Amino acid sequence: MFDVLKQYEADIWRAISETFFMVGVSILAAILIGLPIGTYLFLCGKDKLLENRVVYNVLNLFVNIVRSFPFLLLVVFLIPFTRLIVGTAIGTLAATVPLSVIAIAHYARLVEQSLLDVPKGVIEAAVSMGASVRRIIFSFLYVEARSSLVLALTTSIVSFISYSTIMGVVGGGGIGDFAIRYGYQQFKTDLMLYMIFIMIILVQLIQLLGTTVARWLDNR
């Protein structure tokens, strides 16, 4: 029953490592760039601390445009940009570019929504104490929304894993690409089902970890 797994063991582990690499880079992009963009979307909104219609509209347009693209078309559309950034449009490293772009937009919107759920009284109290904008962000907004931000990141990571399965179109590899090339195209249904099972387990573990961390933060 498991002979096919033994036969393709090295390839399977390589596919898993490729998925981890692509998703890991996209998570890093989401946190380092998506989180600040989402925060500024909140701060520059109407009646907010840094209300600025121009900045808000520019950031909002970027997020909306990226999230409106079907991901496969976004990958193709970004090929020139990908080649400019990493020097090639093929391979696992190249696949991280479109994944990072969608990750930034996806998480930025969820961050904005999480911060919008912070009670206005928290911000008003921080302002009345004379806290700077930076202090308000890190000591009040992020602290108050920490559980929601973790759940939002968890949801985003699950989406990133799903998006990573499409990266075979640019030779990105990964579990999804392996399942299509070795399982579906070579009529090895059992191998394809094993890969699907691995993806399900991976998603379940991430969801469990994210929910557990969010619950722990919420009870602090």
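Residues numbered from 1 in each chain as written. Predicted model: local features only at pLDDT ≥ 70, side-chain atom pairs only at ≥ 80, totals over all residues. Heavy atoms only, no water.

A. Fine view of helix H7 (residues 120-128). Within H7, burial applies to Val122, Ile123 and Ala126. In an axial view of H7, the angular spread of the buried residues amounts to 95°, which keeps them on one side of the axis. Facing away from the buried side of H7, by more than 90 degrees, are the exposed residues Lys120, Glu124 and Ser128. Where the residues of H7 are buried, they touch helix H2 (9-43) and helix H8 (133-144). Positive phi shows up at Gly130, right after H7, with a value of about 80°. (Buried < 20%, exposed > 50% of the residue type's maximum accessible area, 1.4 Å probe, protein only. Helix = DSSP H or I, 4+ residues; strand = E, 2+ residues; numbered from the N terminus. Arc of directions from axis to C-beta. Contact = heavy atoms within 4.5 Å.)

B. Spotlight on the packing of aromatic side chains. Following the criterion strictly, the structure yields 3 aromatic pairs and no others. Where Phe69 meets Phe77, the ring centres are 5.3 Å apart and the plane angle is 35°; that geometry is what we call tilted. Taking relative accessible area as the criterion, Phe69 reaches 28% and is therefore assigned partly exposed. Judged by centre distance (5.4 Å) and plane angle (85°), the rings of Phe138 and Tyr142 are edge-to-face. With a gap of 4 residues between them, Phe138 and Tyr142 both fall in helix H8, about one helical turn apart. A relative accessible area of 16% places Tyr142 in the buried class. (Phe/Tyr/Trp six-rings, centres within 6.5 Å; stacked < 30°, edge-to-face > 60°.)

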